[in-house]
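Summary of structural features
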Amino acid sequence: MTTEAHKEGPVEIAPMDEFNQQLVNNVHPSAWVNPEPTGRYNLVIIGAGTAGLVTAAVAAAVGAKVALIERHLMGGDCLNVGCVPSKGIIRASRVWAEVKNAAEFGLHIPDGIKTDFGTAMARMRKLRARISHVDSAHRYKDLGVDIFIGDGRFTGPGTVEVAGKPLQFAKAVICTGARAAAPPISGLEGTGYLTNETIFSLTELPPRLAVIGAGPIGCEMAQSFTRFGSKVCLFEQTDHILPREDADAAEIVQHQMAKDGQCFVFNSSITHVESRGHEKVVHFDQGGEHKELVVDEILVGIGRAPNVEGLGMETVGVEYDTRSGVKVNVKLQTTNPKIYAAGDICFPFKFTHTADAMAQIVIQNALFPHPFGLGYASTDSLIIPWATYTEPEIAHVGLYETEAKDKGIEVDTFTYTLDEVDRAILDGEDEGFARVHVKKGTDKILGATIVAAHAGDMISEFTLAMKGGLGLSTITGTIHPYPTQAEVIKKVANAWRKTTFTEGKKKLLSKLFTFMR
Ligand SMILES: Cc1cc2nc3c(=O)[nH]c(=O)nc-3n(C[C@H](O)[C@H](O)[C@H](O)COP(=O)(O)OP(=O)(O)OC[C@H]3O[C@@H](n4cnc5c(N)ncnc54)[C@H](O)[C@@H]3O)c2cc1C
């Protein structure tokens, strides 16, 4: 039975065209009527981003009574202002770059080529709207989940309130994610800036764009907007992009970005920003000198803050920190054992696929606890890959060499470059490599990095090997189709294999062959 419509007004996502209207109809329908809560839920989940959606869908599929609360847009960051729109525009910008560089392939573009940023953005909105069906309120209702639109807040032990209704729970899950948080740069608020929450609403290309922070979001957007034709300047405090990745891996991407026409300001510190007429001025220190850059827009690509406010966590004894989020143990239990958390709200690895993996852990521990508390699913067992979707992409899983050193783990490292892989040469995508770290003297894979056009797709071979306890000897014995860029993985494994064939072994075999003649 349903009772009342939620109290908020209709949600608007600029530009409110047919695609964004379709998106809103799916993920925050204006005519939505919250159900009347009846009895106690097995799970009440606050936040319908990836973590909340996956938890709700799996719990409902196994027969649990589930309530899912969302105050803004179901699908959360990933669908609405993260992975989906960013990869949509990255695809468009790659096409623009390929066409611009097509002369090598015999395709000569006449001068005065017509470009239309608005069409590229409309394509992204159209595809986002299409994908949004999967996260829609109606689909989840059909899956058997009670969808409540409104702010969720703990009001007492075993109770969450939403839109004036108390929901009773046996277990609850906090999946409220994180939001963009600008660095404390003087003048930024007054001058105005873009974040991932606003950049995907642009319909006109900013002619000049300053991007603050050369992490994954900053680099993906800087490269895309450069390729669309903006004059983009990327500001970074360190001396190269993607500081978390191996320096030589980041260097390859940086080289490509520079070829695209990207400007970088490294070792810089932004002192303040200001408006000057219609323009924005970024003031920064670099090499002891004070400089300024005039732009049309500023994109802040760094800083995430967990959504911990207003949840009433104090009422139910859930501890949290305004920087690192909700405190959880390896079972993803908060300091209140009946309340769990999953996703960006509680985990340093802020990715959609980790939010998904954490949802599975919560289901296991909250709904299927072992009778004696012995067997439980743990975040300790997660093997987490990630990728930055620049061109080329950088993907990584497991340990970096420096991390292994810090942990006192001895490793052997093997690197194979793409300029020796036929398919990469033929594709004109031969700047990159596959690198693997194994436990010293063994073939046990501890970590890997790939730099390649589709490194994000390729890293799964290493991830699967690590998860399945398969070593490099299994990869060397696996047939890879020729010619593919993924052959680089077999070739790097072969590089390890060669080291196992020592001079001593060779001499012994020579003697054997002499005897056999
Ligand atoms: C620009 C960008 C690009 C990205 N690209 C990738 C990528 O390519 N690959 C990848 O793996 N990850 C990517 N990410 C990260 C990914 O988007 C997040 O890790 C993922 O969305 C986290 O999911 P979540 O469920 O934890 O949180 P969220 O998606 O943030 O969802 C939390 C939800 O909770 C709701 N909420 C908050 N408080 C309340 C409340 N009190 N009551 C009710 N509802 C509430 C929010 O409205 C939100 O919908 C990207 C992020 C950004 C910003």
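Quick note: structure is the one above.
Attention in this report is confined to the structure presented alongside it. The residue count restarts for each chain, going from 1 along the sequence in the order it is written. Reporting in this predicted model follows two pLDDT cut-offs: at least 70 for local features of residues, and 80 or more for side-chain atom pairs to be given and counted; totals over whole chains, interfaces and linings ignore these cut-offs and use all residues. Side-chain metrics rest on all non-hydrogen atoms present in the structure, leaving aside hydrogens and water.

Time to look at the overall build of the chain. Across its full length, the chain carries 16 helices and 25 strands. Throughout, the radius of gyration refers to the C-alpha atoms, and the reference size of a globule is 2.2 Å times the residue count to the power 0.38. The C-alpha radius of gyration of the chain comes to 26 Å, within 12% of the 24 Å expected for a compact globule of 517 residues. Taken along the three principal axes of its C-alpha coordinates, the chain extends 90 × 70 × 45 Å. Looking at the chain as a whole, 49% of its 517 residues qualify as buried. In the chain, 64% of the contacts between residues at least 6 apart in sequence involve partners at least 24 apart. Only the protein chains shown count as covering a residue, and every accessible area follows the Shrake-Rupley method with a 1.4 Å probe. Taken as a whole, the chain presents about 24400 Å² of accessible surface, with 54% of it coming from carbon and sulfur. One way to put it: in the chain the 51 positive side-chain charges average out to a point 7 Å from where the 61 negative ones average out. Helix numbering and strand numbering both begin at the N terminus, where a helix is a DSSP run of H or I of at least 4 residues and a strand a DSSP run of E of at least 2. For the exposure calls, accessible area comes from a 1.4 Å probe over protein chains only, and a residue counts as buried if that area is under 20% of its type's maximum, exposed if over 50%, partly exposed in between. Any two residues whose heavy atoms approach within 4.5 Å are treated as being in contact. Just so you know, the count uses Lys and Arg for positive and Asp and Glu for negative, and it drops His and the chain ends. Charge coordinates come from a single atom per side chain, which is NZ of Lys, CZ of Arg, CG of Asp or CD of Glu.

Attention shifts here to the site of the ligand. Note on terminology: near, applied to a residue and a molecule or strand, indicates that one of the residue's heavy atoms is within 4 Å of it. Surrounding the ligand, one finds 38 residues, the nearest of these being Glu 70, Asp 77, Lys 87, Asp 344 and Thr 352. By the criterion applied in these results, polar contacts are pairs of N or O atoms within 3.5 Å in which, for protein atoms, one can donate a hydrogen and the other can accept it, and in which residues neighboring in sequence qualify only through two side-chain atoms. Take Arg 71: an N or O atom from its main chain is 3.2 Å from a nitrogen atom of the ligand. Note that an oxygen atom of the ligand is positioned 2.8 Å from one of the backbone N or O atoms of Thr 352. The greatest single-element share of the shell around the ligand, amounting to four residues, is contributed by helix H3 (residues 76-81). Partitioning the shell around the ligand into residue classes produces 15 nonpolar, 15 polar and eight charged. Classification convention: Asp, Glu, Lys, Arg as charged; Ala, Val, Leu, Ile, Met, Phe, Trp, Tyr, Cys, Pro as nonpolar; all other residues, Gly among them, as polar.

The subject of this paragraph is the state of the cysteines. Criterion for a disulfide: a pair of cysteine sulfur atoms within 2.5 Å. Tallying each qualifying case throughout the model produces one disulfide. A sulfur-sulfur distance of 2.2 Å marks the disulfide that ties Cys 233 to Cys 263. Within this pair, whereas Cys 233 is found in strand S11 (residues 231-235), its partner Cys 263 is found in strand S12 (residues 263-265), the two being separated by 30 residues in sequence. Take Cys 263: its relative accessible area is 29%, and that puts it in the partly exposed class. Here Cys 346 is not disulfide-linked; the sulfur of Cys 175 is the nearest cysteine sulfur, at 7.9 Å. Residue classification places Cys 346 among the buried residues on the basis of a relative accessible area of 7%.

What follows covers empty space enclosed by the protein. Whether a set of points on the 1 Å grid over the protein atoms alone is a cavity depends on a 1.4 Å probe fitting there but being unable to get out, while an open set qualifies as a pocket with protein on both sides within 12 Å along at least five of seven lines; lining residues are those with an atom within 4 Å of a point. Grid points are joined across faces, edges and corners, and a volume is the space filled by probe spheres set on the points. Taken as a whole and assessed by the stated rule, the structure comprises two cavities of 30 Å³ or more. Considering only enclosed or pocket space, the largest cavity measures out at about 60 Å³ in volume. Residue composition of the lining of the largest cavity, grouped by class: five nonpolar, four polar and one charged. What the second largest cavity holds in volume is close to 30 Å³.

A word on the layout of surface pockets. Here the second largest pocket is characterised by a volume of approximately 670 Å³. Every residue lining the second largest pocket is counted, 21 residues in all, and those nearest its centre are Asn 101, Arg 227, Gln 256, Glu 391 and Gly 428. Top contributing element to the lining of the second largest pocket by residue count: helix H9 (residues 247-260), with four residues. A per-class count over the lining of the second largest pocket returns six nonpolar, four polar and eleven charged.

Time to look at the nonpolar core. Within the largest apolar cluster, 66 residues are counted, with the highest numbers of intra-cluster contacts made by Val 66, Leu 68, Met 74, Ile 147, Phe 154, Ile 174 and Val 326. Top element by residues in this core is helix H10 (residues 352-367). It accounts for six residues. When near neighbours in sequence (up to four residues on either side) are disregarded, Phe 154 contacts Ile 46, Thr 159, Val 160, Phe 169, Ala 172, Ile 174, Leu 311, Gly 312, Met 313, Thr 315, Val 316 and Ile 339. We define the nonpolar core as a collection of buried residues of types Ala, Val, Leu, Ile, Met, Phe, Trp, Tyr and Cys that are connected through side-chain atoms lying within 4.5 Å of one another.

For two strands to count as paired, DSSP must find a minimum of two bridges between them. In spatial order, the strands read S12-S11-S10-S16; together these four strands make up an open sheet with parallel pairing. The open sheet has two edge strands with one neighbour each: S12 and strand S16 (297-300). Between one strand axis and the next, the sheet turns by 20° as a mean value, whatever way the strands run. Alignment of strand S10 (residues 208-212) against S11, held across five bridges, turns out to be parallel. The residue bridging Arg 208 from the neighbouring strand is Lys 231, located in S11. Lying on the sheet, helix H8 (residues 216-228) is in contact with S10, S11 and S16; it crosses S11 at an angle near 160°. Lines fitted to the C-alpha atoms define the axes, with helices restricted to the stretch that makes contact. Angles between their N-to-C directions range from 0 to 180 degrees.

Mapped onto the secondary structure, Glu 197 falls in the loop between helix H7 (188-191) and S10. By relative accessible area, which is 38% here, Glu 197 ends up partly exposed. In this structure, the C-alpha to C-alpha distance between Glu 197 and Ile 89, residues 108 residues apart in sequence, is 15 Å. Non-local contacts of Glu 197, meaning those with residues more than four positions away in its chain, are made with Val 81, Arg 179 and Ala 180. Among the polar contacts made by the side chain of Glu 197, one reaches the main-chain amide nitrogen of Ala 180 at a distance of 3.1 Å.

Quick look at helix H4 (residues 83-100) now. Residue pairs three or four apart in sequence face the same way in an α-helix, which turns once every 3.6 residues. Take the number of residues in a helix, subtract one, and multiply by 1.5 Å to get its expected span. The end-to-end C-alpha separation of H4 is 26 Å, in line with the 26 Å expected for 18 residues at 1.5 Å each. Of the positions making up H4, those classed as buried are Val 84, Pro 85, Ser 86, Gly 88, Ile 89, Ile 90, Ala 92, Ser 93, Arg 94, Trp 96 and Ala 97. Check the buried side of H4 and you find it contacts H3, helix H5 (117-131), H8 and strand S22 (393-398).

None of the figures reported here should be taken as evidence of function without further support.
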